[in-house]
Amino acid sequence: MSVGEVAARAVAGAELASGELGLVFAVGSAADSPRVAEELAQATGVVPAVVAEAELAVVLGAVQAPTVAPAVDAAPEVGWLDLMAAMVPVVWSMALFWQFVAGGERYGLREKVFDRGMVLAAWGGLAVAAQLGMIAVVGGLVVTTVLRSGAGEDGGGGASLVGWVRHRLVALALVGGAVGGLLVAAVFAMVAAGSFDVDLWPLLRWSVLPVVPAAVAVMVLAVVVWRRPEPPDGLWLTWLRFPPSVTMLAGAGAFLVSFDERGSPWILNLLAWPLEQQFPTTGGEIIGPVGRLGGACIGAAVGLLVVRRLVHRLLLAVPLALLVAGTLVWRITGTVAVGFCLAVAGWWAARTAWLLLRPKLLTPPTPPQPSHPGNVGQPGWAHGNPDSGAGSPHGGAGGGS
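Residues numbered from 1 in each chain as written. Predicted model: local features only at pLDDT ≥ 70, side-chain atom pairs only at ≥ 80, totals over all residues. Heavy atoms only, no water.

Which residues make up the overall build of the chain, and what values go with them?
Per the secondary structure count, the chain includes 14 helices and four strands. Across the 401 residues of the chain, 38% fall into the buried class. Considering only contacts within the chain whose residues lie at least 6 apart along the sequence, 73% involve residues at least 24 apart. When the accessible surface of the chain is summed, it comes to about 23300 Å², and 66% of that surface belongs to carbon and sulfur atoms. (Helix = DSSP H or I, 4+ residues; strand = E, 2+ residues; numbered from the N terminus. Buried < 20%, exposed > 50% of the residue type's maximum accessible area, 1.4 Å probe, protein only. Contact = heavy atoms within 4.5 Å. Areas by Shrake-Rupley, 256 points an atom, 1.4 Å probe, with all protein chains shown as cover.)

Please set out helix α1 (residues 3-13) residue by residue, giving values where relevant.
Those residues of α1 lying buried are G4, A7 and V11. Taken end-on, α1 shows its buried residues confined to a sector of 65°, consistent with a single buried face. Exposed and oriented more than 90 degrees from the buried face of α1 are R9, A10, A12 and G13. In this fold, the buried residues of α1 make contact with α2 (34-44). (Arc of directions from axis to C-beta.)

Could you give an account of the pattern of salt bridges, naming the residues involved and the relevant values?
Per the counting criterion, the structure on display carries two salt bridges. Where D82 meets R241, a salt bridge forms, and the shortest distance between an N and an O atom there is 2.8 Å. Of this pair, D82 sits in helix α4 (residues 80-103) while R241 is found in the loop between α9 (236-239) and α10 (244-262), placing the two residues 159 residues apart along the sequence. Residues R262 and E105 are paired through a salt bridge, measuring 3.0 Å at the closest nitrogen-oxygen approach. With R262 in helix α10 and E105 in strand β3 (residues 105-107), the pair connects residues that are 157 residues apart, well separated along the chain. Taking relative accessible area as the criterion, R262 reaches 25% and is therefore assigned partly exposed. Assessed through its relative accessible area of 37%, E105 is described here as partly exposed. (Salt bridge = Lys/Arg side-chain N within 4 Å of Asp/Glu carboxyl O.)

Break down the packing of α1 against α2 for me, citing the residues and quoting the values.
As a packed pair, α1 and α2 sit with axes 8 Å apart at the nearest point and diverge in direction by 25°. In terms of axis orientation, α1 runs roughly parallel to α2. In the crossing of α1 with α2, the sense of the turn from one axis to the other is right-handed. On α2, the residues touching V3, G4, A7, A8 and V11 of α1 are V36, E39, L40, A43 and T44. Each residue belonging to the contact of α1 with α2 can be placed in one class, and the counts come to seven nonpolar, two polar and one charged. (Axes fitted to C-alpha atoms, helices over the stretch in contact; angles between N-to-C directions. Parallel < 35°, antiparallel > 145°, perpendicular 65-115°, else oblique. Left-handed = near helix turned anticlockwise from the far one by under 90°. Nonpolar A, V, L, I, M, F, W, Y, C, P; charged D, E, K, R; others polar.)

Can you tell me about a nonpolar patch on the surface, naming the residues and giving the values?
A cluster of nonpolar side chains, L83, M87, V90, V91 and M94, forms an exposed patch at the surface whose accessible area comes to about 460 Å². Assignment of secondary structure puts M94 in helix α4. Residue M94 is classed as partly exposed on the basis of its relative accessible area of 48%. (Patch = residues over 30% accessible without salt bridge, like charges linked within 9 Å, V, L, I, M, F, W, Y side chains within 5 Å.)

Describe the environment of W266, and please don't skip the residues or the numbers.
By the secondary structure assignment, W266 is in the loop between α10 and α11 (269-278). On the basis of relative accessible area, W266 is assigned to the exposed category, the value being 64%. Counting along the chain gives 163 residues from W266 to G103, while the straight-line C-alpha distance between them is 9.9 Å.

Which residues make up the environment of V179, and what are the values?
Relative to the elements of secondary structure, V179 occurs in helix α6 (residues 163-196). The class of V179 is partly exposed, set by a relative accessible area of 37%. As a C-alpha pair, V179 and V137 span 42 residues in sequence and 9.1 Å in three-dimensional space.

Now, about the nonpolar core: what can you tell me, with residues and values included?
Proteins that are soluble and globular tend to have nonpolar side chains buried together. If you look at the biggest cluster of nonpolar residues, it comprises 76 residues, and the most contacted ones within it are L174, L203, F340 and W348. The greatest single-element share of this core, amounting to 13 residues, is contributed by helix α5 (residues 123-151). Among all residues touching L174, those that are not within four sequence positions of it are V138, V142, V218, L221, A222, V225 and L240. Membership of the second largest hydrophobic core comes to five residues, among which are A7, V36, L40 and A43. (Core = buried A, V, L, I, M, F, W, Y, C linked by side-chain atoms within 4.5 Å.)

Quick look at the structure:
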């Protein structure tokens, strides 16, 4: 291919007419050749100009070109919402566990070996405390991992890690958060068992078992994140952030319900007295206005967690809050707490499902391939009339010999 043909293709590829070019330069060892100048002029409509040291122009241009550093993914920044998502559940988890221990009562003689004793306590508050503890551990490890991977290996000022390494570190942080959350729940049970001097199993049943579904969901999500280098939108830190408004409402709601169950802490009597004056209860009811307010907070938290859009949240959170507040009694407080734990597990599971299904849902369908012109007609017959000799191996119309 001659130099004129190459120039003509370049002009056509740029969607320019030959008369629209202003300057054409010739470089290389044959730039001074009259034939090269003639071909370039015919192809571009402009007489080419020969640069100084034309035979070295390409080499000199490559040597003097500024060095471009390889693109490195920008390190994500940790905002106040990320810190709140990790700190709010810490506060409520510790508050609920303290309320569980302080408000619980043990029945039975401690001196007798075979008297295992019985504990009356806000068991639902223990379940929510363990679940918020797992959320705090997962969020804290993800935030810490992002900060470390963005600061570089030396802890500050160094180059940040590339994206494929960073997202795998986030996956490992999720696994560590799930395991750490289970350990926190087990520690809660051990501390409470030592405080009440009772068997460990009943406490494990209310601290560890309710958070197992969420731990499994987080681990499965970690496997998917490990295999997927790009987040659905924005950053992994933003996409994995557990809503702090949900933990705030759930923690406050569980705290109020536990107060109605056990009367601890006494400072909440300042809130209970005016509410009981406005909404008096019938005799014998354990759950009063304070507990129903807490149930409404838990129902609203679940509604905010299930849907994202404001209109959908209003349509779901408000009726759900009223339903829990209106039907809450002492015997189902644990069920409401476990329901919140299952909603948290469902949130992580929905994230996992979206990661798996999003590429398939957003991929446009493959258009049908056009059929071959020769395949038009009834399948199974040779082209043309099936009774003609075109389809007969002997070439005869009747097929007989």
